[in-house]
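Below, each chain spelled out in residue letters.
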Amino acid sequence: MKYVYGPVPSRRLGKSLGIDPIPSKTCNFQCIYCQLGKTNNFTNIRKNYFPKKEILTEIEKAIKLNENKFDYITFVGSGEPTLYKDLKDLIIRAKELSEKPVCVITNGSLLYDKEVQNALISSDVVLPSLDAWDENSFIRINRPHPSISFNNLIQGFIDFRKKFMGKFWIEVMLMKGINDTKEELLKIKEKLELIKPDRIDINVPIRPPVEKWVKIPDKSILSILNEIFVDYTNINFPEVGKFNIYSSDFEKEVLSILERHPMRQDQIIETFSSSNFDEDKIISQLKKLKSQKKIIDTLYNKQIFWKLNLNKDKN
Ligand code: SF4
């Protein structure tokens, strides 16, 4: 399928059936930690990047095929999903077809836009990101489109939160030397207190970021987080996701996941291992796909990551 993938394991959403209505790396941000590579279509224009009918047909087919095999239907882009103009129609159709909650993973940049608010209000969970505390840090970390200001971003979060009856879970990406000091975290906390999300997920860049100088904070960050958020009961600190799916068609499944994002070797093993498909078999399958130039491995933060070989024709 072109627009629907999975179900794939997700740290926050269990098994998620993903819908991606946006062309690869079409985004109004250029985050320094982006795991999808460089933003090659840097735009803040909302339009139907692909024909709505085609996407709806795939959504219908995928939901029927995967009934009872997923926990959430997730709109998540190879770019920013709220840039899809008729997102509301896609969400409504997904809700008509399944009883599972529909969620939208977004950078939150357009939450101030009434049309985007109106689209997301139909969903069950909205998961925006907030990594900065003022205009300068916003520009340094998220490198937004010039038409997006930090004040608008925060106001959009506050306004939408008040209207939205579903769950509002904010993710904060912490990076070493970028936004991980106590002072910076206290400023981010001030913004979070204005927004009042239902849940906060603190994350670190565990997958290879677009900028190689972006690093995971030192472990000492955990004691700072504990101190700052001591009175919070709705916060999750970084942890390794638990994945538990098995597929008989390893190649198809692993490529469909790596198409969306790189994955650590140990996560792939955890995801796919079963009584008759052990670690050695998984590694040998990965090596086979590498020899076929379909995927490549890379060492990051002392861990092996596998990702799709986007330059296979040139290799
Ligand atoms: S992390 Fe998300 S919002 Fe940031 S550049 Fe990548 S796709 Fe866009």
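Worth saying up front: this structure is predicted, and the values here are computed from it rather than measured.

A. Quick peek at the environment of Pro-21. For Pro-21, the position within the fold is in the loop between strand S2 (14-19) and strand S3 (26-27). When its relative accessible area of 0% is taken as the criterion, Pro-21 is described as buried. Spatially, the C-alpha atoms of Pro-21 and Thr-82 are 9.2 Å apart, while their sequence positions differ by 61 residues.

B. Geometry of the pattern of salt bridges. Scanning the model with the defined rule gives 15 salt bridges in all. A salt bridge links Lys-52 to Asp-86, with the nearest nitrogen and oxygen atoms 3.2 Å apart. One end of the pair, Lys-52, is in helix H1 (residues 52-65); the other, Asp-86, is in the loop between strand S5 (72-75) and helix H2 (87-97), and 34 residues separate them in sequence. Look at Asp-86 and you get partly exposed, because its relative accessible area is 23%. Ionic pairing is found between Asp-218 and Lys-176, a salt bridge with its closest N-O pair at 3.1 Å. Within this pair, whereas Asp-218 is found in the loop between strand S9 (199-203) and helix H7 (221-228), its partner Lys-176 is found in the loop between strand S8 (167-173) and helix H6 (182-195), the two being separated by 42 residues in sequence.

C. Just the site of the ligand, in detail. Around the ligand, the neighbouring residues are Lys-25, Cys-27, Phe-29, Gln-30, Cys-31, Cys-34, Leu-36, Thr-39 and Asn-107. Looking at the shell around the ligand residue by residue, the classes come out as five nonpolar, three polar and one charged.

D. Just the domain arrangement of the protein, in detail. With domains assigned, the protein is organised as domain 1 (4-236) and domain 2 (250-308). Here domain 1 and domain 2 have C-alpha centroids that lie 25 Å from each other. Tallying the contact residues gives 17 residues for domain 1 and 14 residues for domain 2. Both faces considered, domain 1 and domain 2 share a buried interface measuring about 1200 Å² in area, 59% of it formed by carbon and sulfur atoms. Where domain 1 touches domain 2, the interface holds zero salt bridges.

E. Just the packing of H6 against H7, in detail. It is the contact of H6 with H7, at a shortest axis distance of 11 Å, that shows an interaxial angle of 40°. Compared by their axis directions, H6 and H7 come out oblique. Relative to H7, the crossing made by H6 is right-handed. Contact residues: Lys-182, Leu-185, Leu-186 and Lys-189 in H6; Ile-221, Ile-224, Leu-225, Glu-227 and Ile-228 in H7.

Cut-offs and rules
Residues numbered from 1 in each chain as written. Predicted model: local features only at pLDDT ≥ 70, side-chain atom pairs only at ≥ 80, totals over all residues. Heavy atoms only, no water. Helix = DSSP H or I, 4+ residues; strand = E, 2+ residues; numbered from the N terminus. Buried < 20%, exposed > 50% of the residue type's maximum accessible area, 1.4 Å probe, protein only. Salt bridge = Lys/Arg side-chain N within 4 Å of Asp/Glu carboxyl O. Near = heavy atom within 4 Å. Nonpolar A, V, L, I, M, F, W, Y, C, P; charged D, E, K, R; others polar. Domains from an automatic or database assignment. Contact = heavy atoms within 4.5 Å. Buried area = accessible area lost by both parts, 1.4 Å probe. Axes fitted to C-alpha atoms, helices over the stretch in contact; angles between N-to-C directions. Parallel < 35°, antiparallel > 145°, perpendicular 65-115°, else oblique. Left-handed = near helix turned anticlockwise from the far one by under 90°.

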